[in-house]
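# Descriptive analysis of the structure
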Amino acid sequence: MTFRPNIAAASPQAINAAAAALRRGDLVSFPTETVYGLGADATSDQAIAAIFEVKNRPSFNPLIVHVAAFDQAREIVIFDERALKLAEAFWPGSLTLVAPRAPGCKVSLLASAGLDTLAVRSPDHPVAHDLLCAARLPIAAPSANISGKISPTTAEHVASDLAGRIDHILDGGPCRVGIESTVVKTTPQGAVLLRPGGVTQTEIEQVLGERLLKPVVNVANPDAPGQLTSHYAPSLPVRLGATEVASTEALLAFGPPLVGAARTLNLSTSSDLREAAANLFAMMRALDDPALSAIAVMAVPQTGLGRAINDRLRRAASK
Ligand code: TXA
Ligand code: MG
């Protein structure tokens, strides 16, 4: 028998065990019709931070939140008329819809890289569907590969990339579609194609009865032309590498905090990078108080998840 690390055939028992693991905050790789996902409880900042750590991503990208069915999506995002039409026509399926967060949405801000919108899809795969139903959670999942490698379409691909980094891989056979979902953002002006994928532009335009719009190229970010999302930035100036802090400033601390700030939040008093990543977006928002002069940020080490945290902080500081 060949040795298959971490891989479990997607039996009902294995799916229930994987759902329990997700509810505990563990990561689970699971099949969808497009590619294998690296899933985590979308409502847990810590579990989402673990995704970025395992994928070894140098920056935080907003992730797709997977739901069992349309009703679950409606609890976390607000669908306009175009999004409703598209969900009705293509769900479950390989179309991801980007829409504003619903009031009271419990999905982690880290999952959407601090954005006010969320990407949502209902995958058309029996294992993904059963897992989502058993977990009773929205599941955030990027493709289950190390950053920079190609997306996995079999459980073996996932294991060869991530074995030793994750404990659970559900094997549902090869993915039928084999390329990622199409990502469409609906706006009052029309629907914007953010990423081509499993559902074609023509199919979408037929359902909408109008052309898809091209995304506006993000001029603030000429170094990353592939990056089509504008990221959340605080309205206050952000001052990095702070070694002292003024009484008019908010302090985003890391480790033992500087003293003297008007208000201090600590990414991690114990200098734990996963905890810091989990807190980053929520704390930046909480400190963005127009009554203050700036957000002073203490240095975060440029190792592991620290690279993604610093990437995000630099973007916030250079806007
Ligand atoms: O087929 C797929 O979509 C696979 C399977 C696992 O479902 N998932 C996937 O996820 O490809 P990921 O994280 O590799 O791609 C997410 C895409 C990125 O292009 C990201 O920029 C976009 O969705 N995205 C996510 N949230 C967004 C948002 N709020 N606004 C704009 N784009 C967003
Ligand atoms: Mg990917």
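Report follows, based on the coordinates. As the structure is a prediction and not an experimental result, all values here were calculated from the model.

Attention now moves to the overall build of the protein. Looking only at helices and strands, one finds nine helices and 14 strands in the protein. The C-alpha atoms of the protein give a radius of gyration of 20 Å, which matches the 20 Å a tight globule of 319 residues would have. Expressed as lengths along the three principal axes of its C-alpha atoms, the size of the protein is roughly 60 × 55 × 35 Å. Out of the 319 residues belonging to the protein, those deemed buried represent 53%.

Right, let's get into helix α5 (residues 126-135). What α5 keeps buried is the set Val-127, Ala-128, Leu-131, Leu-132 and Ala-135. Buried residues along α5 cover an arc of 130 degrees about the axis, so they all sit on one side. Those residues of α5 that are buried are in contact with α1 (12-23), β2 (28-30), β4 (64-66), β7 (139-140) and β8 (168-171). A positive backbone phi angle near 50 degrees is found at Arg-136, which sits one or two residues after α5.

To continue, consider the sheet that holds strand β11 (residues 238-239). Sheet architecture is open: four strands sit in the order β11-β14-β12-β13, paired in parallel fashion. A single partner strand is all that each edge strand has here, and the edge strands are β11 and β13 (263-266). Here strand β12 (residues 250-253) pairs with β13 via four bridges, running parallel. The partner of Leu-252 across the bridge, within β13, is Leu-265. In this fold helix α8 (residues 273-287) packs onto β12, β13 and β14 (295-297), with an angle of close to 175 degrees to the strand it touches most, β13.

Attention now moves to the nonpolar core. Phe-60 and Leu-252 are the most contacted members of the largest nonpolar core, which totals 78 residues. In contact with Leu-252, not counting residues within four places along its chain, are Leu-265, Leu-267, Leu-280, Met-283, Met-284, Leu-287, Ile-295, Ala-296, Val-297, Met-298 and Leu-313. Judged by nonpolar contacts, the second largest core, of 18 residues, contains Ala-18, Val-28, Phe-30 and Ala-141.

Taken together, 10 strands build an open sheet; the order of strands is β1-β8-β2-β3-β7-β4-β6-β5-β9-β10 and the sheet is mixed. If you trace the sheet from one side to the other, it starts and ends with β1 (7-9) and β10 (190-195), each paired once. As paired elements, strand β9 (residues 182-187) and β10 share five bridges and run antiparallel to each other. The residue bridging Lys-185 from the neighbouring strand is Val-192, located in β10.

What follows deals with the pairing of β8. Pairing analysis gives three bridges linking β1 to β8, with the strands arranged parallel. Each residue of the ladder has a partner; that of Ala-8, found in β8, is Leu-170. Judged from the two bridges that link them, β2 and β8 form a sheet pairing that is parallel. By the bridge assignment, Ser-29 is partnered in β8 with Ile-169.

The next point concerns the side chain of Glu-249. By the secondary structure assignment, Glu-249 is in the loop between β11 and β12. Engagement of the side chain of Glu-249 in a polar contact is seen with the side chain of Arg-239, the distance being 2.8 Å. Among all residues touching Glu-249, those that are not within four sequence positions of it are Arg-239, Ala-261, Ala-262, Arg-263, Leu-292, Ser-293, Ala-294 and Ala-296.

Our next topic: the packing of aromatic side chains. Taken as a whole and assessed by the stated rule, the structure comprises five aromatic pairs. Taken together, a centroid distance of 4.8 Å and an interplanar angle of 75 degrees make the contact between Phe-52 and Phe-60 edge-to-face. Per residue, the accessibility class of Phe-52 equals that of Phe-60, and both read buried. With 5.2 Å between their ring centres and 20 degrees between their planes, Phe-70 and Phe-79 make a pair best called stacked. These aromatic residues form a ring-pair network of at least three members: Phe-52, Phe-60 and Phe-281.

What counts, and at which threshold
Residues numbered from 1 in each chain as written. Chains lettered and ligands numbered in written order. Predicted model: local features only at pLDDT ≥ 70, side-chain atom pairs only at ≥ 80, totals over all residues. Heavy atoms only, no water. Helix = DSSP H or I, 4+ residues; strand = E, 2+ residues; numbered from the N terminus. Rg over C-alpha atoms; globule rule 2.2 N^0.38 Å. Buried < 20%, exposed > 50% of the residue type's maximum accessible area, 1.4 Å probe, protein only. Arc of directions from axis to C-beta. Contact = heavy atoms within 4.5 Å. Pairing = 2+ DSSP bridges. Axes fitted to C-alpha atoms, helices over the stretch in contact; angles between N-to-C directions. Core = buried A, V, L, I, M, F, W, Y, C linked by side-chain atoms within 4.5 Å. Polar contact = N/O pair within 3.5 Å; in protein donor to acceptor, adjacent residues only side chain to side chain. Phe/Tyr/Trp six-rings, centres within 6.5 Å; stacked < 30°, edge-to-face > 60°.

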